[in-house]
Each structure stands twice: as structure tokens, then as C-alpha cells.
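# An overview of the molecular structure
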Amino acid sequence: MENTTKRYWRGIEELRNDPEFVKNAHREFADSSDITDGGGTYRRDFLKMLGFGVAAVSLAACEAPVRKVIPYLNKPVDVEPGIANWYASTFTDGGEYCSILVKTREGRPIKIEGNPQSSISQGGVGTRVHASVLSLYDNEKLRDPQKGGKKIEWTALDKEVAAGLASAQNIRIVSGTILSPTTKAVIEAFKAKYPSTVHVAYDASSAYGLTQVHGGQLPAFDFSKAKVIVSLDADFLGTWIAPDEFSKQWAAGRKLSSAKGGNKQMSRHYDFSTLMTLTGANADYRGRLKPSQSGLVASTLLRLVGGSSSTADVKVEFLEKAARDLKAAAPGTTLVVSGSNDPNVQVVVAEINRILGNYGTTIAGTSNYKQGNDAAFDGFVNDLKGGRVDAVLFYGANPVYDSPRGKEIADALARTKLSVSFSDRADETASLCQFIAPDSHYLESWGDAEPKPGFYSIVQPTISTIFNTRQAQASLLTWAGQNADYYEFLTQNWATNILKTASKEAWNKAVYEGVFEPAKGTVGAAPAVTGDLITALGKISGTYKASSTVLEFVPYEKVGMGTGSQANNPWLQEFPDPISKATWDNYAAISQATAKKLSVHQNDMVKLEIAGKEAIELPVLIQPGQTNDTVSVAIGYGRSKAGKAADGVGKNVFPWIKSVGAEIKVTPTGSQYKWGIGQTQTHNTVMARESVLQETILAKYQENVQAGRFIPKIQTSEGAKDATDITLWNGHEKKNHSWGMVIDLNLCTGCGSCVVSCQAENNVPVVGRKEVVMRREMHWIRIDRYYSSVQPKEGESVFQELETLEIASDNPEVVFQPMLCQHCSNAPCETVCPVLATTHSNEGLNQMTYNRCIGTRYCANNCPYKVRRFNWFKYFDEDRFPYHYNNDLGKMVINPEVTVRSRGVMEKCSFCVQRIQATKLAAKKERRRPYANEVQVACSQSCSTGAIIFGDMNNPESEISQILAVEQQGRAFHMLEEINVLPQISYLTKIRNKDEADSQAPHKEEKHKENEHKHPKSHV
């Protein structure tokens, strides 16, 4: 790399060389004696399940769904042992949306992939979508409807609920965002029967401020058309509104080619935020702000781009630079978005976009993702408390848990005459209702979705109902006195209002493809902006401050956990947060400077207090890049009635969600968090090796496509030679196929979708927080997150060096690097295995023969990439790991094409060899070679941005061959190329669209007072 003073580090402990980190850095595995149970037992009885469970799911898997479903690839639908069937369906969870393909084996859904037919999701799949297949087999779901916590028959429940509704004068249906047009039609039919019914929608993670200033509609954004992007606390690559869709659009503007005449232009992305989010981590420039400043940042930007602003200006790094770039861009080629739920801030942002000419280009049409109405929801709670609600039905909603007024709802529910929940379990809200009419899982259901006006998709069942559940729509139709057959209602609604034809062929085609969309390029008009700018600026002046010295609270949403609706899913609990790399917890995240100010350290327990709110205790996590004097805590945790994987994990901060920017008091309790926060990746150090990551800036890349490359030379008696010229190996011939991978660091956002996709495909076990703390996580692919900062130049004093280290964690740059088995041709693991359990194939695969492995772990010790995993226990059959494989219901998700590994066996990425073999066999039957890009491994298939490309490097028509033909003399490099292990995986250098002056040293800013203290020796 050109900038040899740049240092990469994985966490604060490595940056400071903490004694504990130094002590453990050389260890391959943790010493189990370091962690004790404190005298208590760790075994939990999670194996018991109701006797009906196994028989029910087996029966459901053997039977076809009640109605005729249309398999996506194979006809007819008859189940053939050993042959997978695929069905097009749709994932929705509140406002979350994804068109999907569901893989079933012997009638069991086991894997979810993206549907490339959808012009919205375009084949991308997020973490929660992948994990939702495991939620189908959740052992905590209700087996039958309930009354007062006891089983009741459906006929009895229907009779009592219908009687209660008939006598009710004020009925409320409370739901999250409903994307289904047919479900809305069912609700209208219900209203016709009960005219006093009012439907109230709310979102646990609200965007009401944004919809409020656009006439109640959510604008549709198109990041692919933006040359300059400015995000104001809007994590659109991680959690804001539709991150999978936005990631695909964002990546379109970041894709480069080293070919002669190839694209060498990319968008410039600014982020101004409090937290280090995925969006901030991927931005070219990131400025930090406190929540109390956010409104003034928007109004200052408005003035800087040429608008009228009467508010005080606020100084934020790179804000003026962003304004200059916005003004210099052509009209309609920029985009400014804000994650604020303050309508006054959104009015200002809308005015900025209007001045820049973005409405009609980068903002065009509307979306249906967020339909929640905060004002209507507050009205419902007030009516409930005032005794003005006779009956309430909760559909896809758990407001006792995930709304800031949950306690008020819980107290008032007992005074209603009738309360019904459609939850699939007795959750925090359902357990307080008189009746629970459990809804079926979406993989057991019929339905539809309309994520954008005129864009439709189908939900079809892939298995019959496992338990005695019933779709909520069928329950509403029953109580409305109509035909309870929801499938018939659905097909009639589509024939009348969507397809405009009763043709069975048209319906079957829609079910077969999974989507029904208008012609390409059909986009509606951008929503009109309402709200008065002068009034908004006045309210911003009275609410926000240019500077603040108090500690401020910031709630946020994690990429994996979301709002906690799938909190009982262990795949999501163990998914490492892309930024903190923490699993199984939420925590009080603070900056290093704030930690010193408060005299606290990582894993210290602290008491958090906000005026008027109940105090909570959480462990401290020191987060580089977080704004000083702020405390952030993730929502979605602290469940009490979700299930054994979720209950008691973390603390619930939904009661604090509207206290953004509120003063928070942090008091150390004097205790440490038992075992500590379970973080991945921070176990090892990269040892200052320059070839781990390679990056440059766009201007240098445009001059030289090999800019940023580190090309190692080995000194010999004959002079310097390339590392690949010196070897003791004879090499491996790959005459037929040579399977490999290219990973574009410019497109990888670090979202981690590939991690859960791999887990589902390859039966990767869940081990729990304690095992993660002991460095025993089992994921086959990890997303390494590296912070980087410029080190002092030679000759600077030690005090200058210490100060630079301190500033380094203030606002570091971030690079994400997917790391999996590199399938080396000169594999170090193969030379040390005493039993030939790991060998090399003639197609470039580093193979594991599980039944030959005796668990010496020599291969793991010899692997320079640390990508091998050791089964310390029989994870799928020991009750100390009570997560999913340890009950017969959870075992239904296991992929039969992949061996479930036992204790004492090493495992690692296999390049989804089962998929390679299946494709080769299918091609052989058809007397042909596999098509150029026919084989897709789990990680590449799930990547929304297209950062991971897999294929046959011996096939010149394959995408990977065509990319390497261009990039081998451009951006392509092998990690640790100097040790000449010849990986089958190539990375493409990270390119930042920064000015050269900004890439050479940390941004100069006013010196923080907290940096003026004497540095302790332990930081050296």
C-alpha cells in the first residue's frame, strides 16, 4: 500500500495492546479455566417438548399443503426422496419485505434464497429472512388456541369471540405495517360486520416523521441514480426502511472495472451520525454528531446548499465539504436522507432535496414499507386507558413489549371486555389477552404483499400447518360471518382487483413466478411535501443545540436482531453484530474517551438512568467511532415471554425509544459482566501484515488500476523474487474445474447475510454466549471488520504517538472483509494432518473427511487465516446447547445433503461442495457440462450487493474468469500473498472516493479535553 503508516486494528484492545489481549493473542483456543460458572449449573432442560410435536411436524412434512401450490422449478409437486422442490413465496414481517424461493426436502422447508424475478429485492436476502426458516420449527410456538392460558377448541373460541364482538361498541385492530392488500380487504370485510372497528397501525421502529411530511406516504428512494449521497443518521445499508433494496442500489454506484474503458467512476457517500453504523462504516466521509445537534445539522446543510435557514449553525466535520459536492453535482443526481423521526427535521431535508432537484429522479414514487401512525397509536392507548375500547385484536403486534407505552397498555388490557391476540406464542401482549388465536407461520400460509404500489408478490405455503394453528385472516372472516376459506378470498381478490381476470393460468403464473409487476420503468409520481419550512426551522431552533456537555442516550436497531420479533431465533442471537462483533446481548456502547471520563472499562456493569424512566443495568462496550458523550443501546432485547433462547437476554429499552438525545446518567455498579460480552474476531491480531487489506483512493485508481496493491518480494541470493516463484510444492493440476471466488471489498457492506445463509445451508451449530467468549464460535464464514488509522511518521515523539493512538479510535475508517477457507493450493493444513482428513481435490477444493478426523487440531494451528472450527462438544445432542438442533422439532431444519459433525471433528467452509456435486450430476444426466454460472454457493447467492462471485475459473465464459482476466492486472490480490499458499479466493482492493489530502492523516479538529490527560502505561 502507498500509505505505509496506516495501521489496521480489530478492536480497542489491540489498538492499545492491553495486557489481556497480548497474553491471549498467541492462543489458538481459550483456556476453559478462564471462565467458570460461578458454582452454578449451566445445564438447562430444553429437551422436553409436548408429545404432539414430532408427530405433527412429520405429518405436516409428508402431506402436501391443502391447496395446489406451484413449484418454482420442479413439476409436479410430488415429493421425491433426495430431490429438492423449490417454491416462490414472500417474507414479510411488519414493513420488512423480500420475495423469496423456499427449498424443501421431503416436504420440509430448509433453506431460503432470494427470488431474482423481483425487481425490488432482486434476489437479495437479509439475515432475518434467512433465519425465518428456523422460526418455523420454534419449539416455543403454541400448539392450540388458548383461553386464559389454557387450551380451547377453535369452535368454542369462535363462538365466544363472536359473541364478545357482537356486544362491543368500540373495536380496535392493532397491527404493525400490513403489506398485504388482501389482508386489508379482509379487515374491511370485518369492519362491514362491525362498523365500530378502527384499524390502528404502528411500527416498532417508526418512520412516522418521514411519512407525515409526505402526505402520509413513504417516498421511494433510488440510491443507484445518486452521484452524491448524504445520510443524516439514516442507516440505509443496515436497518433503515429497506436496507436490502437500498444496498443493491448503493452498490450499483460503487462498482468499478479495471478493464480498458471500464467504469472508473463511483458515487461519493457522506454520513453524519452518532453511532458507527453499517452506513457510516461504508461512507467515504463520516462526520460525528450528538442527537441534540441533528436538527441543526440538517438546517445548516440547508443553508450551505443555498436554502434559507434562520437557525444557528453547527460545526460538524466534512459538512461544508458535503454541501459543496451537493451543489456541484447536476440537478437530480444527489440524495439526502435522514433517519430522524422528527417531522420538522424531515421538512428541512425535503427542502434540501427540492433545491437539489431530487424529486422525480432519486426520489420517485412511493413505498408501503412503513405505514405506522404514531398519533393514531397514542390515541388508541389513551382510549384504552380511558375505558373507551370494548374489544381489541392484536395482529402481528406486541405493543406491551415493543412500544414506549407498553406498561400503560399492559395495565389497561385487564379493563377491556374482549382482548384477542393472533400471536404464535404467549408473548408479552398475548399472555395478557383473554384469547390467543395463534396465527400460522408464513411458510404455512397463503397470502400476498404489495411493497410498492402496483408491485405484488405471492405468499404460498411450503408445508401444511405443523400445529393446530389458523391464519389470522381466516379467523377474522369467521368472526365476520363470512366464508372462512382465505385461499378462496385471496384468489377472488386477485382476479377482481389485481390480475383483472379470472383466468386460472394467470393466477398459476403469478404463483409460479412469485411476483406480479408492471412493466419495467413504471414508477409513480413522487409524493407531495407538506409542512411549513419556517415553522419547522423555528421548532428546530427551540429544540436542538449547537453544543452539549451532557451524556445523551441513543437507541438503535441491530442488523441481526431488528426489533426483536424473531428474538427467540438462536441464529440471530449468535449472529455477530457487523460493527461491535458482539453476540447474544445488548449493552451500553460508549466511546473510548467517554469510558475514561466515566472511569469504566469493557464489561463493567453500569446503571443507566433517564428521568422518569425505570433504570436498567447493562455491561459497557467501548465502540470506536461513536460520538463522545453519548450512550447507545440496541432495541430488540430484554424479552420476557418469547422463548428460552430470548428470555433474559439483554434489557428492553423500548420504553426509552422516544428519549433520543435525553440526558442519561451512567453509574458504575462495581461489578463485572459474568463471562463478558461474547465478541467474535477480536481474538487474534493481524500482526501488522500489509497484505491482509489493500486499499487506495479513487483518484489514484483512475491513474493506475494497481494503485494500493501490495506486491510482496522475497529476498534471495539471486535478488528479489515474487513470492510465487519460491515453493517446495509440486502444485495441483486442475484439468477439469477450478472452483474459486472473487470478493469485491468495494461492494461488501458487512451486512452478514452470507453468515446466516451459510449457517442454514451447512448445518452450522449454535454454541451460546459462553462458548463465544471462549472463542469457540462455529460460523464457517465471518465478516472481519477492520478499523484503520494513520500512525505517526518516523521520528515523532512517543507522546505524539500516544495522542495519535487516542485519536485513532475517535473516527476510524472501516473495511469489511469476508473471511472463509481460502482453499489454498499450497494448503498448510494438508501438510500437518496425520490421518489425511484434510486433502486437496483436483478441482481446487480443500476437502474435509469428517469420519477420518481425529481432532488433533494441527490444521487449525497451521492455518494462517484462522478459518477452521473444532467441535468441542456434540452440539446437536447435548442439553448444554439448547438452541435448535437439540429437539426433534428443531432438527427438521437440518439439510440432509450436509453431514452433521460430531464431537472432536474439525470443520470449515467446503465451498458448498454438495451444491457443486448436485449441479455436476444434473449436467451429467443431460450430457452437458455445467453452465458458466450455474453453481451458486450459499454466501454468493444471498449477497444483495453482488460482492461475492463464485464459479469455475477454468471456464472462460464464467463471470469469475471474466473478472479475473481484467483484475489480475488491476485490483485482484490474494490475502497474505507473501506466504505463497495460493488461495482460490481473490479479493479486489477497497477504493474510497476521498480527496488525497483527506486520505493521508486523520481529519484535523479541535483537540478534545479528554485527550489532555496523562496516558497510562498500559496503553503503550
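The preceding data block contains the structure.
This section reports on the structure supplied with the text. Here the structure is a predicted model, which means the values were calculated and not measured.

## Examining the overall build of the chain
From N to C terminus, the chain includes 31 helices and 42 strands. Looking at the 1020 residues of the chain, the share that counts as buried comes to 63%. Carbon together with sulfur atoms contributes 51% to the accessible area of the chain, which is approximately 38300 Å² in total.

## Points about helix H8 (residues 243-252)
In terms of burial, H8 is a largely internal element, 7 of the 10 residues being buried. For H8, the full list of buried residues reads Pro-243, Glu-245, Phe-246, Ser-247, Gln-249, Trp-250 and Ala-251. Where H8 is buried, its residues contact strand S9 (218-221), strand S10 (228-232), strand S11 (268-273), helix H9 (278-282) and strand S18 (447-452).

## As for the nonpolar core
Ranked by size, the top nonpolar core spans 142 residues in total, and within it Phe-221, Phe-236, Trp-240, Trp-571, Met-741, Tyr-865 and Phe-911 carry the most contacts. Beyond its immediate sequence surroundings of up to four residues, Phe-236 is in contact with Phe-223, Ile-229, Ser-231, Pro-243, Phe-246, Trp-250, His-269, Thr-279 and Val-337. Of all hydrophobic cores here, the second largest spans 39 residues; its members include Ile-152, Ile-173, Ala-391 and Phe-435.

## What about unusual backbone geometry?
One non-glycine residue, Asn-763, lies in positive phi territory at about 55°. By the element assignment, Asn-763 lies in the loop between helix H23 (753-761) and helix H24 (769-773). Given a relative accessible area of 2%, Asn-763 falls into the buried group. Positive phi, close to 65°, is recorded for Arg-775, a residue that is not glycine. Following the sequence through the fold, Arg-775 ends up in the loop between H24 and strand S33 (782-790).

## Structural notes on the pattern of salt bridges
Tallied over the entire structure, the rule returns 52 salt bridges. Lys-700 is paired through a salt bridge with Glu-996; the nearest N and O atoms lie 3.8 Å apart. With Lys-700 in helix H22 (residues 698-703) and Glu-996 in helix H31 (residues 996-999), this residue pair connects regions lying 296 residues apart in the sequence. With a shortest N-O distance of 2.7 Å, Lys-920 and Glu-843 are connected by a salt bridge. In this pair, Lys-920 sits in helix H28 (residues 913-925) while Glu-843 sits in the loop between strand S35 (838-840) and strand S36 (846-848), placing the two residues 77 residues apart along the sequence. Assessed through its relative accessible area of 8%, Glu-843 is described here as buried.

## Side note on the packing of aromatic side chains
Applying the stated criterion to the full structure yields 29 aromatic pairs. A centroid spacing of 5.6 Å and a plane angle of 40° characterise the contact between Phe-221 and Trp-240, whose relative ring orientation is tilted. With Phe-221 in strand S9 and Trp-240 in the loop between S10 and H8, this pair connects stretches of sequence that are 19 residues apart. For the pair Phe-221 and Trp-240, one class covers both residues: buried.

## Considerations on the side chain of Thr-416
Here Thr-416 lies in the loop between helix H15 (406-413) and strand S16 (418-421). Separated by 2.7 Å, the side chain of Thr-416 and the backbone oxygen of Leu-413 make a polar contact. The residues contacting Thr-416, other than those within four sequence positions of it, are Leu-384, Val-389, Asp-390 and Gln-434.

## Digging into the packing of helix H10 (residues 294-304) against helix H12 (residues 343-355)
In the contact formed by H10 and H12, the axes pass within 9 Å of each other and the chain directions differ by 20°. Judged by the inter-axis angle, H10 sits roughly parallel to H12. The hand of the H10/H12 crossing is left-handed. Of the residues in H12, those in contact with Gly-295, Ala-298, Ser-299, Leu-301 and Leu-302 of H10 are Val-345, Val-348, Val-349, Glu-351, Ile-352 and Ile-355. A per-class count over the contact of H10 with H12 returns 8 nonpolar, 2 polar and 1 charged.

## A few points about the side chain of Arg-288
Mapped onto the secondary structure, Arg-288 falls in strand S12 (residues 285-288). One polar contact links Arg-288 to Glu-317, side chain to side chain, over a distance of 3.0 Å. For Arg-288, the side chain forms a polar contact with the main-chain oxygen of Asp-810, separated by 3.5 Å.

## What about the sheet that holds strand S39 (residues 948-952)?
Pairing is mixed in the open sheet, where 4 strands are placed in the order S39-S32-S41-S40. Taken across any chain shown, the strands that pair with only one partner, and hence form the sheet edges, are S39 and strand S40 (972-973). Looking at chain direction, strand S32 (residues 739-744) and strand S41 (residues 985-988) are connected through 4 bridges and run parallel. Bridge assignment links Ile-743 to a residue of S41, and that residue is Tyr-987.

## Points about the environment of Lys-103
Examined against the element boundaries, Lys-103 turns out to sit in strand S3 (residues 96-105). A sequence separation of 17 residues divides Lys-103 from Trp-86, and the C-alpha atoms of the two residues are 4.6 Å apart. Setting aside chain neighbours within four positions, we find Lys-103 in contact with Ala-84, Asn-85, Trp-86, Arg-108, Pro-109, Ile-110, Lys-111, Asn-895 and Glu-897. Within the local environment of Lys-103, its side chain forms a polar contact with the side chain of Glu-897, the two groups lying 3.2 Å apart.

## Some details on helix H16 (residues 472-479)
In terms of burial, H16 is a largely internal element, 7 of the 8 residues being buried. Within H16 the residues assigned to the buried category are Ala-472, Gln-473, Ala-474, Ser-475, Leu-476, Leu-477 and Trp-479. Of the surrounding elements, those touching the buried residues of H16 are helix H5 (154-166), helix H6 (181-193), strand S15 (391-395), S16 and helix H17 (486-498). Taken from the residues just after H16, Gly-481 is the one with a positive phi, measuring 75°.

## Description of the sheet that holds S3
One open sheet holds the 3 strands; their spatial order is S2-S3-S4, and the pairing between them is antiparallel. The outermost strands of the open sheet, each flanked by one partner alone, are strand S2 (84-93) and strand S4 (108-114). Sheet twist, expressed as the average angle between the axes of neighbouring strands with direction ignored, equals 35°.

## Some points on the pairing of S9
Neither face of S9 is exposed, since Leu-218 and Ala-220 on one face and Pro-219 and Phe-221 on the opposite face are all buried. Examined bridge by bridge, S9 and strand S14 (residues 363-367) share 3 bridges and lie antiparallel to one another. Along S14, the bridge assignment pairs Phe-221 with Ile-363.

## Remarks on the packing of H12 against helix H19 (residues 533-543)
Two elements in contact, H12 and H19, have axes separated by 8 Å at closest approach and are oriented at 130°. With respect to H19, the element H12 is oriented oblique. In this structure, the crossing between H12 and H19 has a hand that is left-handed. Seen from H12, the contacting residues are Asn-344, Val-345, Val-347, Val-348 and Glu-351; seen from H19, they are Leu-533, Ala-536, Leu-537, Lys-539 and Ile-540. Grouping the amino acids of the contact of H12 with H19 by side-chain chemistry returns 7 nonpolar, 1 polar and 2 charged.

## Comments concerning the environment of Phe-272
Mapped onto the elements of the fold, Phe-272 is located in strand S11. Given a relative accessible area of 0%, Phe-272 falls into the buried group. Phe-272 has contacts with Val-230, Ser-231, Leu-232, Asp-233, Gly-287, Leu-289, Val-316, Glu-317, Phe-318, Leu-319 and Ala-322, leaving out every residue within four places of it along the chain.

Cut-offs and rules
Residues numbered from 1 in each chain as written. Predicted model: local features only at pLDDT ≥ 70, side-chain atom pairs only at ≥ 80, totals over all residues. Heavy atoms only, no water. Helix = DSSP H or I, 4+ residues; strand = E, 2+ residues; numbered from the N terminus. Buried < 20%, exposed > 50% of the residue type's maximum accessible area, 1.4 Å probe, protein only. Areas by Shrake-Rupley, 256 points an atom, 1.4 Å probe, with all protein chains shown as cover. Contact = heavy atoms within 4.5 Å. Core = buried A, V, L, I, M, F, W, Y, C linked by side-chain atoms within 4.5 Å. Salt bridge = Lys/Arg side-chain N within 4 Å of Asp/Glu carboxyl O. Phe/Tyr/Trp six-rings, centres within 6.5 Å; stacked < 30°, edge-to-face > 60°. Polar contact = N/O pair within 3.5 Å; in protein donor to acceptor, adjacent residues only side chain to side chain. Axes fitted to C-alpha atoms, helices over the stretch in contact; angles between N-to-C directions. Parallel < 35°, antiparallel > 145°, perpendicular 65-115°, else oblique. Left-handed = near helix turned anticlockwise from the far one by under 90°. Nonpolar A, V, L, I, M, F, W, Y, C, P; charged D, E, K, R; others polar. Pairing = 2+ DSSP bridges.

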